[in-house]
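Residues per chain are reported as follows:
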Amino acid sequence: MFKIIFRTITIIVFTVILITVLAFWKGGKPFRWLGHKTESVGVAIVQFGEMIDDLKGKKEEVKKTYKDIKETLSEGKEALTKEYKGKDDGTNTKDKQP
């Protein structure tokens, strides 16, 4: 049990020393590369978030347009149905199929 704890502490200390030496040895160049990559990921996430916000803003507009189109089509359908029912008195069997 104590061997595992001692080895874990030794690995952690060794890793901290290694990271510190690398940071000073090359002037932090490897860590700058990591920082630039992280920054580019952050920019991509911000752009994605702005795109989603734009879609959220347009959602209400799309709902309103869909509702207007649906109402217009249902009114047109009702008008056509009334017009069709008014013309057909049931005596014309020529156009009807069995």
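Structure's up top.
Residues numbered from 1 in each chain as written. Predicted model: local features only at pLDDT ≥ 70, side-chain atom pairs only at ≥ 80, totals over all residues. Heavy atoms only, no water.

(A) Fine view of the overall build of the chain. Assigned secondary structure in the chain consists of two helices and zero strands. Carbon and sulfur atoms make up 67% of the accessible area of the chain, which totals about 9800 Å². (Helix = DSSP H or I, 4+ residues; strand = E, 2+ residues; numbered from the N terminus. Areas by Shrake-Rupley, 256 points an atom, 1.4 Å probe, with all protein chains shown as cover.)

(B) Broad picture of the pattern of salt bridges. This model, assessed by the stated rule, comprises one salt bridge. When the shortest N-O distance is used, the salt bridge between Asp-68 and Lys-64 registers 3.9 Å. Of this pair, Asp-68 and Lys-64 both sit in helix α2 (residues 29-87), four residues apart, roughly one helical turn. For Asp-68, a relative accessible area of 35% corresponds to the partly exposed category. (Salt bridge = Lys/Arg side-chain N within 4 Å of Asp/Glu carboxyl O. Buried < 20%, exposed > 50% of the residue type's maximum accessible area, 1.4 Å probe, protein only.)

Keep in mind these values describe shape, not function.
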